[in-house]
Structures are given as C-alpha cells and as structure tokens.
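The primary structure of each chain is shown beneath.
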Amino acid sequence: RRLASIFWRCTPLTRLYLGRNKIGDVGVGFLAEALPACTSIEHLDLGRNDVGDFGAMKLAAVLVACPSLSFLDLGRNRIRDDGEEELSRMRRQRDQGLQINFGGQRSLTNYT
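From a predicted model like this one, the values you see are computed outputs, not experimental measurements. (Residues numbered from 1 in each chain as written. Predicted model: local features only at pLDDT ≥ 70, side-chain atom pairs only at ≥ 80, totals over all residues. Heavy atoms only, no water.)

A. Representation of the packing of helix H2 (residues 24-34) against helix H3 (residues 53-60). H3 packs onto H2 with a crossing angle of 5 degrees between their chain directions and a minimal axis gap of 8 Å. The angle between H2 and H3 places the two elements in the roughly parallel class. On H3, the residues that touch Asp-25, Val-28, Gly-29 and Ala-32 of H2 are Phe-54, Gly-55, Lys-58 and Leu-59. Taken together, the residues of the contact of H2 with H3 break down into four nonpolar, two polar and two charged. (Axes fitted to C-alpha atoms, helices over the stretch in contact; angles between N-to-C directions. Helix = DSSP H or I, 4+ residues; strand = E, 2+ residues; numbered from the N terminus. Parallel < 35°, antiparallel > 145°, perpendicular 65-115°, else oblique. Contact = heavy atoms within 4.5 Å. Nonpolar A, V, L, I, M, F, W, Y, C, P; charged D, E, K, R; others polar.)

B. Structural detail: the nonpolar core. In this structure, Leu-46, Leu-59, Leu-72, Leu-74 and Leu-87 are the most contacted members of the largest nonpolar core, which totals 29 residues. With four residues, H2 is the single largest residue contributor to this core. Look past the residues within four positions of Leu-87 in its chain and what remains in contact with it is Ala-56, Leu-59, Ala-60, Leu-63, Leu-74, Ile-100 and Phe-102. (Core = buried A, V, L, I, M, F, W, Y, C linked by side-chain atoms within 4.5 Å. Buried < 20%, exposed > 50% of the residue type's maximum accessible area, 1.4 Å probe, protein only.)

C. Up close: the pairing of strand S4 (residues 98-103). Summarising burial for S4: five of the six residues are buried, a large majority. As paired strands, strand S3 (residues 71-73) and S4 are joined by three bridges and run parallel to one another. The partner of Asp-73 across the bridge, within S4, is Asn-101. Where the polypeptide runs from S3 across helix H4 (residues 81-92) and back to S4, its parallel neighbour, the crossover connection is right-handed. (Pairing = 2+ DSSP bridges. Right-handed = clockwise from strand over helix to strand, strands pointing away.)

D. Structural view of the pattern of salt bridges. A complete count under the given rule lists three salt bridges for this structure. Measuring nitrogen to oxygen at the nearest pair gives 3.6 Å for the salt bridge that ties Asp-25 to Arg-78. Of this pair, Asp-25 sits in helix H2 while Arg-78 sits in the loop between S3 and H4, and the two are 53 residues apart along the sequence. With relative accessibility at 15%, the residue Asp-25 sits in the buried group. According to the relative accessible area criterion, Arg-78 is partly exposed, its value standing at 40%. Salt bridges sharing common partners tie together Asp-25, Asp-50 and Arg-78. (Salt bridge = Lys/Arg side-chain N within 4 Å of Asp/Glu carboxyl O.)

What is shown is where atoms sit, not what they do.
Here is the structure:
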C-alpha cells in the first residue's frame, strides 16, 4: 500500500522492477489503482510475487488507462486461465503495443 501511494508522485518513472517481493493479489490491487497515475511507465516487472487471477484481473482493469506500458512481466506467479484471458482481452482493447510475459514460453504480444 505504501509503495502504491508514491505512484502519484512518480510521473517520470519509466521502469519499475518489483520481482520477488511477495506482493500478492492484495498488493497488486493497490498498485493497479495507482498505476494510471504513472503516465510514463513502460516496463513493469511483477514476476514471482504470488499473484493469482484476482490480481491479474485488477491489472487488466487498468491496462487501457496505461498507454505507455509496453512490457508487463508476470512470470512465475499463480495466474491461471481466467486471469490470462482477462489480461488478453484488455490488451486487445489498447491502441498501443503491449507484451505480457507469464513465464516460460507463455506470453501475449500485440504491436500496432
């Protein structure tokens, strides 16, 4: 929650590496709420954070509001079909390209 609260003051932030921080679904929910305020963020690493479908859906809900985001790393989390499908659906609604990494060979890419 504290980290999410600083997003409102970090508009020049372009890359954020938060891998291996045990953020979980609740923490990702707080980050998702604040993410649209980071208007220049391009790369967000949330790998190995015990994120499941709930957290993935929270992220998916704000993807359209984050046009500068071009890479989202969600590798080695607990995201299953429901979370992946929602992220994929929201990714397709964006005008800008976005690559989402789920780990291994599972990734979603769209470039316009």
